[in-house]
Amino acid sequence: MGAYENQFVVKIESDSDNNYFISCYPNPFSTETFFKLDNYYDINTTINICNINGEQIESLSVSNNDKIVWRPINIDYGIYFYTIRINNQFYSGKLIYIP
């Protein structure tokens, strides 16, 4: 399994009987990466992408079970962070953009 086949998955326990999952793959990535939210119905939120200095560089809209693609344009290679707010909770992860 190569580095581009890895998938980062966050399992979120809920108060209901449902479990929710956020995945970001591939990561590290060189041209694009995908965010997938599973078991999220009737949700409208955003994924915010920030640089290492904490400055927001992009905001991606999410609705329902969308698979969201992020293709960095005019952005330097390096480490970035994403945050997503779901049901008044914040979740975050690291993205590595490589040449």
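Since the model is a prediction, treat every value here as computed from it, not as a measurement. Here, residues in each chain are numbered from 1, in the same order as that chain's written sequence. Two thresholds apply to this predicted model, a pLDDT of at least 70 for residue-level local features and 80 or more for giving and counting side-chain atom pairs, whereas whole-chain, interface and lining totals are computed over all residues. Note that water and hydrogens are dropped before the side-chain values are worked out from all heavy atoms of the structure.

1. A word on the nonpolar core
Next, step 1: For the purposes of this section, nonpolar cores are sets of buried Ala, Val, Leu, Ile, Met, Phe, Trp, Tyr and Cys residues that join through side-chain atoms within 4.5 Å. Think of it in three bands: with a 1.4 Å probe and only protein chains considered, a residue is buried below 20% of the maximum accessible area for its type, exposed above 50%, and partly exposed in between. Ranked by size, the top nonpolar core spans 19 residues in total, and within it Phe35, Ile47, Ile49, Trp70 and Leu95 carry the most contacts.
Next, step 2: Numbering of helices and strands runs from the N terminus, with a helix taken as a DSSP run of H or I at least four residues long and a strand as a DSSP run of E at least two residues long. Looking at this core, the elements with two or more residues in it are strand 2 (19–25), strand 3 (33–38), strand 4 (44–50), strand 5 (56–63), strand 6 (67–70), strand 7 (78–86) and strand 8 (89–97).
Next, step 3: Ranked by the residues each element gives to this core, the list is headed by strand 7, at four residues.
Next, step 4: In this structure, leucine 95 is in contact with Cys24, Asn27, Phe29, Thr33, Phe35, Ile49, Trp70, Gly78, Ile79, Tyr80 and Tyr82, ignoring residues within four places of it in sequence. Whether two residues are in contact is decided by their heavy atoms, any of which lying within 4.5 Å being enough.

2. Some remarks on the packing of aromatic side chains
Next, step 1: Centres within 6.5 Å are what make two rings of Phe, Tyr or Trp a pair, Trp counting through its six-membered ring; a difference in plane orientation under 30 degrees is then read as stacked, over 60 as edge-to-face, and the rest as tilted. For the structure shown, the criterion picks out six aromatic pairs.
Next, step 2: Ring geometry for phenylalanine 35 against tyrosine 82: centres 5.0 Å apart, planes inclined by 75°, an arrangement best described as edge-to-face. With phenylalanine 35 in strand 3 and tyrosine 82 in strand 7, this pair connects stretches of sequence that are 47 residues apart. Per residue, the accessibility class of phenylalanine 35 equals that of tyrosine 82, and both read buried.
Next, step 3: Measuring from centroid to centroid gives 4.8 Å for tyrosine 77 and tyrosine 97, while their planes differ by 50°, and the two rings are tilted.

3. Examining the pairing of strand 8
Next, step 1: Two elements, strand 7 and strand 8, share nine bridges in a ladder whose sense is antiparallel. Across the sheet, tyrosine 80 pairs through a bridge with leucine 95, a residue of strand 8.
Next, step 2: For two strands to be treated as a pair, DSSP must find no fewer than two bridges joining them. Hairpin remark: strand 7 followed by strand 8, antiparallel, with two residues in the connecting loop; positive phi at asparagine 87, about 50°.

4. Examining the side chain of asparagine 48
Next, step 1: With respect to the helices and strands, the residue asparagine 48 is situated in strand 4.
Next, step 2: Nitrogen and oxygen atoms within 3.5 Å of one another constitute a polar contact, given that in protein one can donate a hydrogen and the other can accept it, and given that sequence-neighbouring residues count only through two side-chain atoms. A polar side-chain atom of asparagine 48 sits 3.4 Å from a polar atom in the side chain of glutamine 56.

5. Section: the confidence of the model for the chain
Next, step 1: In the predicted model, the chain carries a mean pLDDT of 79, and 72% of its residues have values of at least 70.
Next, step 2: The quantity called pLDDT is the predictor's confidence in a given residue, expressed from 0 to 100. The least confident element of the chain, judged by mean pLDDT, is strand 1 (residues 8–13) at 46; the most confident is strand 7 at 91.

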